[in-house]
Amino acid sequence: MPPAFAIALVKSSTDQGQLRLAGSLCLAEAGPLWTELRRLEASAVTGETLDFEMSEVERIDGGAMALLACLRSELHRRGVKSEFVAAGERVQRLIHLYGGDNKVARLRRRRPIGTFNQLGRATLAILQELKLVTAFFGQMVVSAASVLRSPSSANWRELPATMERAGADAVPIIVVTNFLVALAMAFQSAEQLARFGANILVADLIGISVTRELGPLMVAILVCGRSGAAFAAELGFMQVNGEIDALRTMGFGPMRYLVLPRTLALILVMPLLTLLADLAGILGGLLVGVWHLELSVRGFLNQTVRVVSLWDVSTGLLKSVAFGLAISMIACQQGLATAGGAEDVGRRTTSAVVVSLFAIIMIDAAASVLFRLAGL
Amino acid sequence: MSDAIVKVEDLSFGWDGALLQEGASFEVERGSIFALLGASGCGKSTLLRYLVGLDLPTTGRITIDGQAPDQEVNDRPTFGVMFQSGALIGSLTVGENVALPLQEWTDLPLDAIGGIVAAKLRLVGLERAEDKLPSELSGGMRKRAGIARAMALEPELLFLDEPSAGLDPVTGVEFDELIIELNQQLGLTFVVVTHDLESIFKIGQSCIMLDRDSKSIIARGDPRHLRDTSTDPRVHSFFNRTRLEVPP
């Protein structure tokens, strides 16, 4: 089907020309319209005149008018004089609406940002982030001290619900994951141990590694993925939605009202979840010991109780408290630092999980070195 | 003979099992500015969701230019919608937001799309905001960008949800003038959900008023005429901002 418009280039002299437009110009045919306009105006050079002759335009919509106005501006910037001429009353109104009779402003050129400039900006952004993190921890300490002085000022109502979401709701995934990880580890080591006739040592291996390392670490990783991400996203959305500001204006500091209950909830549930993870892990080892290494249930359990000391379990529980504190503080800090829209909520949530995981590994490594140095 | 662009026949709707309106019927004339009015909770915004096809009616019928609106059908939209907060995509700049429907539904090259985007933003007074993110804009600017995006595909019909809500008086007046200008110069039809009386009297050419208690349309016509002549106490109370006297 032929287009509903027609364009002809009419030259009255070597440097004077007109683009004669006719028919119906609309966005539905903007593709061919633009191609044709570009083809016809390409030869115009600085100092020439190329007007848009509109007398035979029957109909034009905003999209087509926007294209013509855009082309006129481009011609002006190339030094080609161009105006809309002989337009009917209705078309003239549209030309005016789309700025087709305005003076064309010079295009502001954007300079590319230099390497040093980019480095400087990135450094400033990191310093600004560090400042925010420091301020957050400072506020946290002040709020915690204030709550210790006056416990009734804390938002205790949120504590049970948060403990349920972060703790009770996480029990199935934590039990299953730890059971399976310990089971896999016991299987991997079973063959080596059987070769030396040291089948019973699978109880030592699983008991110590699960209580000291695997249990708390797996719990921390799972809680970080579940609750850390949830805290960051929840607070981030509240920040974007103006709810944090609303709380502030009503006298509820976000530290006291939102951060402390979440932090306390994680500090309380992490050791409990770790104990469950330890039990699930030992159960995984027991299953392999009985089924694959032909140990008796009593024998496995006796060996576990003999070799796993209270201190082994306690180190795991102590680390889990530190993990909970780190996850909660990092997630809440990232959530409250959200600025902008939905994109920043996503960015801060990702950041909360990644930074928390890094912090967990750092704490774990530091704790291992410290305990070793202390001979524990 | 009337030239209706929107036809609603015997529409009943509600949410969560609660009926908001029953048997609503009305028409919107092509080229007019039509207002959906009523007190909070009467179902204005819910009705708008049905009109733009976000919810589908189970009772009654809605047609826009003879077609039932349905957002599940992936076809080039025949109307534009500006949501209350602008609803711009936060990860895209203002220019990219306006370019989005053009990239999806036209075969225009990027330079032509850029030209249209610049023209649309100039039309709504946002020529300097093309590279800004929505989070860097004020509420009024977001609404202006929302209307520019809604107009990108040159629809004949625009739905506006609370266009003047949250705007300062000067920006609100400017927004009203923009709607009138687009209506007069481009012949666009506007369906506006609002309860801003000043705006209603300035831009509204016809309206319907929904009532929460009777679950029906209790007034229709020119809002200025209804303000001056309606004998219904609910309509009088709404348009004249007076307390509704409840009989003992």
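Residues numbered from 1 in each chain as written. Chains lettered and ligands numbered in written order. Predicted model: local features only at pLDDT ≥ 70, side-chain atom pairs only at ≥ 80, totals over all residues.

### Section: the overall build of chain A
- Each helix and strand counted, chain A has twelve helices and four strands in total.
- Nonlocal contacts in chain A, meaning residues at least 24 apart in sequence, comprise 82% of its contacts between residues at least 6 apart. (Helix = DSSP H or I, 4+ residues; strand = E, 2+ residues; numbered from the N terminus. Contact = placed C-beta atoms within 7 Å.)

### Points about the interface of chain B and chain A
- Counting from both sides, the interface comprises 22 residues of chain B and, opposite them, 20 residues of chain A.
- A per-element tally of the side of chain B that touches chain A places helix α3 (residues 110-123) of chain B first, with eight residues.
- Per-class residue counts for the side of chain B that touches chain A are twelve nonpolar, six polar and four charged. (Nonpolar A, V, L, I, M, F, W, Y, C, P; charged D, E, K, R; others polar.)

### Quick look at unusual backbone geometry
Residue and element names in this part refer to chain B.
- One non-glycine residue, D65, lies in the positive phi region at around 55°.
- One can find D65 in the loop between β4 (59-64) and β5 (79-82).
- Judged by the 14 C-beta atoms lying within 10 Å of it, D65 is partly exposed. (Buried ≥ 20, exposed ≤ 12 C-beta atoms within 10 Å, placed from the backbone.)

### Overview of the nonpolar core
- By size, the foremost hydrophobic cluster in this structure holds 105 residues, and its most contacted members are L67(A), A148(B) and L158(B).
- The leading source of residues in this core is helix α2 (residues 62-77) of chain A, at nine residues.
- Not counting residues within four places of it along the chain, the set of residues in contact with L158(B) comprises F79(B), G80(B), M82(B), A150(B), M151(B), L188(B) and F190(B).
- I206(A), V219(A), A232(A) and A277(A) belong to the second-largest nonpolar core, a separate cluster that totals 58 residues. (Core = buried A, V, L, I, M, F, W, Y, C linked by C-beta atoms within 7 Å.)

### Comments concerning the environment of L19(A)
Residues and elements named next belong to chain A.
- Relative to the elements of secondary structure, L19 occurs in strand β2 (residues 16-25).
- Distance from L19 to L37, taken between C-alpha atoms, is 8.3 Å for residues 18 residues apart in sequence.
- Residues within four places of L19 in sequence aside, it is in contact with I7, L9, L40, E41, L50, F52 and E53.

### Details of the packing of helix α7 (residues 201-240) of chain A against helix α11 (residues 310-336) of chain A
Residues and elements named next belong to chain A.
- Relative orientation of the contacting elements α7 and α11 amounts to 15°, with a least axis distance of 8 Å. As far as their axial angle goes, α11 and α7 are roughly parallel. Once α7 is placed against α11, the crossing between them reads as right-handed.
- Its residues placed into classes, the contact of α7 with α11 shows 15 nonpolar, twelve polar and four charged. (Axes fitted to C-alpha atoms, helices over the stretch in contact; angles between N-to-C directions. Parallel < 35°, antiparallel > 145°, perpendicular 65-115°, else oblique. Left-handed = near helix turned anticlockwise from the far one by under 90°.)

### Describing helix α9 (residues 254-291) of chain A
Residue and element names in this part refer to chain A.
- Taking 1.5 Å of rise per residue, the 38 residues of α9 would be expected to cover 56 Å, and the 53 Å separating its terminal C-alpha atoms lies within 8% of that figure.
- At L260, α9 shows its maximal bend, which comes to roughly 30°, and the proline P261 appears one to four places after that position.
- Among the 38 residues of α9, 27 are classified as buried, and the element is accordingly described as predominantly covered. (Expected span 1.5 Å × (residues − 1). Bend = angle between axes of the 7 residues up to and from the residue.)

### Some remarks on the confidence of the model for chain B
Residue and element names in this part refer to chain B.
- Overall, the prediction assigns chain B a mean pLDDT of 86, with 95% of residues at 70 or greater.
- The least confident element of chain B is helix α5 (residues 169-186), whose mean pLDDT is 84; the most confident is strand β7 (residues 189-193), at 93.
- Both scores are given for the predicted complex: the pTM is 0.69, the ipTM 0.74. (pLDDT = per-residue confidence, 0-100.)

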